[in-house]
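Chain by chain, the residues:
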Amino acid sequence: MSLYKNPTILLLVLKIFFWICVGIWVFMIILELFDGYDTWEDIVNWTKYFGIFLIGWLAFCTLCYYIYALIMGGKFCVLFEMDDDGILFQQMKREVKKAELIGAITALVGLATGKPSTVGAGILSAAKTSAYSKFSDVSSIEVFRKRNLIKVNAPLNYNQVYVQEEDFDFVLDYIIKHIPPKAKVKGVTPKSK
């Protein structure tokens, strides 16, 4: 998948950091309410500053995404293996080596700056190279044909299948036939029914 042409991963990163920032904003507003900032004017002013921070942070995340894309050669390569029980998502060996390098650099930066959470994030990002989704656990799938993407969702397990255009209908039909009948299917176009 092209990291430049397909915005799937960028949108996911921005969504994650947006909700993290919103959570921090809500937490700070609650703290400020207990600390004496009880007027709407105080809350509105604080929210303005937060909005400026949020825009800057999302711009920074976008810049970091494109640096990551450059390091990865503009492509995200994942191997998907399907059988009657589920889908195995596995990074390709050359992608694993790059991810391990980025994770090691992140861990070293965390050590140098004395931030254990950064060290942990670096180690975790380098360690996870595969994931598995059991069809019997799937609660819903979301289909994004224009992005060649099928999201496979189960409780506490959200994975994404990136499919070449020529194989899209086959993979989608295979997944639909193997998930539980009660699982929701969102975004299916008439072409894939």
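Located above this text is the structure these notes cover.
Figured I'd write up the structure that's included with this text. All residue numbers refer to position in the chain's written sequence, counted from 1. pLDDT decides what is reported in this predicted model: residues at 70 or higher carry local features, side-chain atom pairs at 80 or more are listed and counted, and totals for whole chains, interfaces and linings draw on all residues regardless. Side-chain numbers here rest on the full set of heavy atoms in the structure, without hydrogens or water.

1. A word on helix H1 (residues 8–34)
Here comes step 1: The helix and strand labels rest on DSSP assignments: H or I over at least four residues marks a helix, E over at least two residues marks a strand, and numbering proceeds from the N terminus. Expected span of a helix, by definition, is 1.5 Å for each gap between consecutive residues, and there is one gap fewer than residues. Taking 1.5 Å as the rise per residue, H1 with 27 residues should run 39 Å; its terminal C-alpha atoms sit 40 Å apart, in good agreement.
Here comes step 2: Burial classes follow relative accessibility: with a 1.4 Å probe on protein chains only, a residue under 20% of its type's maximum area counts as buried, one over 50% as exposed, and anything between as partly exposed. Of all the positions in H1, only Thr8, Ile9, Leu10, Cys21, Val22, Ile29 and Glu32 are classed as buried.
Here comes step 3: The criterion used for residue contact is that any of the two residues' heavy atoms lie within 4.5 Å. Residues of H1 that are buried make contact with helix H2 (40–71), strand S5 (149–154) and strand S6 (157–162).

2. Things to note about a nonpolar patch on the surface
Here comes step 1: Side chains of Leu12, Ile16, Ile20 and Ile24 sit close together on the surface and give an oily, nonpolar patch of about 330 Å² of accessible area.
Here comes step 2: Structurally, Ile24 is set in helix H1.
Here comes step 3: Using a relative accessible area of 45% as the deciding quantity, one classes Ile24 as partly exposed. Patches draw on residues past 30% relative accessible area with no salt bridge. Two like charges within 9 Å are joined, as are two nonpolar side chains (Val, Leu, Ile, Met, Phe, Trp, Tyr) within 5 Å. What sets the accessible areas is the Shrake-Rupley method with a 1.4 Å probe; for residues, cover comes only from the shown protein chains. Note on definitions: salt bridges are taken to be side-chain nitrogens of Lys or Arg within 4 Å of carboxyl oxygens of Asp or Glu.

3. Thoughts on the packing of aromatic side chains
Here comes step 1: A pair of Phe, Tyr and Trp rings is counted when the ring centres sit within 6.5 Å of each other, with Trp represented by its six-membered ring. The angle between the planes then sorts it: under 30 degrees is stacked, over 60 is edge-to-face, the rest tilted. In total, this model carries 11 aromatic pairs according to the counting rule given.
Here comes step 2: A ring pair is formed by Phe18 and Trp19, whose centres lie 5.1 Å apart and whose planes are at 80°; its orientation type is edge-to-face.
Here comes step 3: Residue class for Trp19 comes out exposed when judged on its relative accessible area of 54%.
Here comes step 4: Between the aromatic rings of Phe53 and Trp57, the centroid separation amounts to 6.2 Å while the plane-to-plane angle is 15°, which identifies the pairing as stacked. Taken together, the residues Phe53 and Trp57, both in helix H2 and 4 residues apart, mark about one turn of the helix.
Here comes step 5: The exposure class of Trp57 is partly exposed, given its relative accessible area of 29%.
Here comes step 6: Clustering of aromatic rings is evident, with ring pairs tying together Phe17, Trp25, Trp46, Phe50, Phe53, Trp57 and Phe60.

4. Topic: the nonpolar core
Here comes step 1: In this structure, Ile87, Ile141, Ile150, Val152, Val161, Ile175 and Ile179 are the most contacted members of the largest nonpolar core, which totals 18 residues.
Here comes step 2: Those elements giving two or more residues to this core turn out to be strand S2 (86–91), strand S4 (140–144), S5 and helix H5 (168–178).
Here comes step 3: With 5 residues, the top contributor of residues to this core is H5.
Here comes step 4: Residues in contact with Ile87, not counting those within four places in the same chain, are Phe80, Glu81, Met82, Ala131, Tyr132, Ser133, Phe135, Val152, Val161 and Ile175.
Here comes step 5: As used here, the term nonpolar core means buried Ala, Val, Leu, Ile, Met, Phe, Trp, Tyr and Cys residues forming a set that is joined through side-chain atoms within 4.5 Å. Among the nonpolar cores identified, the runner-up in size contains 9 residues, and Leu3, Met72, Phe76 and Leu149 belong to it.

5. Describing H5
Here comes step 1: Buried residues of H5: Phe168, Val171, Leu172, Tyr174 and Ile175, and no others. Around the axis of H5, the buried residues are gathered within 160° of arc, so they sit on the same side. Those residues of H5 that are exposed and angled more than 90 degrees off the buried face are Phe170 and Lys177. What the arc covers is the set of directions going from the helix axis to the C-beta atoms.

6. Some details on the layout of surface pockets
Here comes step 1: In this analysis a 1.4 Å probe is tested at points of a 1 Å grid over the protein atoms alone, and where it fits but cannot get out there is a cavity; an open set with protein on both sides within 12 Å along at least five of seven lines is a pocket; lining residues have an atom within 4 Å of a point. Grid points are joined across faces, edges and corners, and a volume is the space filled by probe spheres set on the points. One number sums up the size of the second largest pocket: a volume of about 410 Å³.
Here comes step 2: What lines the second largest pocket is a set of 19 residues, among which Val78, Phe80, Tyr162, Val163 and Gln164 lie closest to the centre.
Here comes step 3: Every element with two or more residues in the lining of the second largest pocket is listed here: strand S1 (78–82) and S6.
Here comes step 4: Among the elements that make up the lining of the second largest pocket, the one with the highest residue count is S1 (3 residues).
Here comes step 5: Classifying every residue of the lining of the second largest pocket by side-chain character gives 11 nonpolar, 4 polar and 4 charged. All amino acids are sorted into three groups, where Ala, Val, Leu, Ile, Met, Phe, Trp, Tyr, Cys and Pro are nonpolar, Asp, Glu, Lys and Arg are charged, and the leftover types, Gly among them, are polar.

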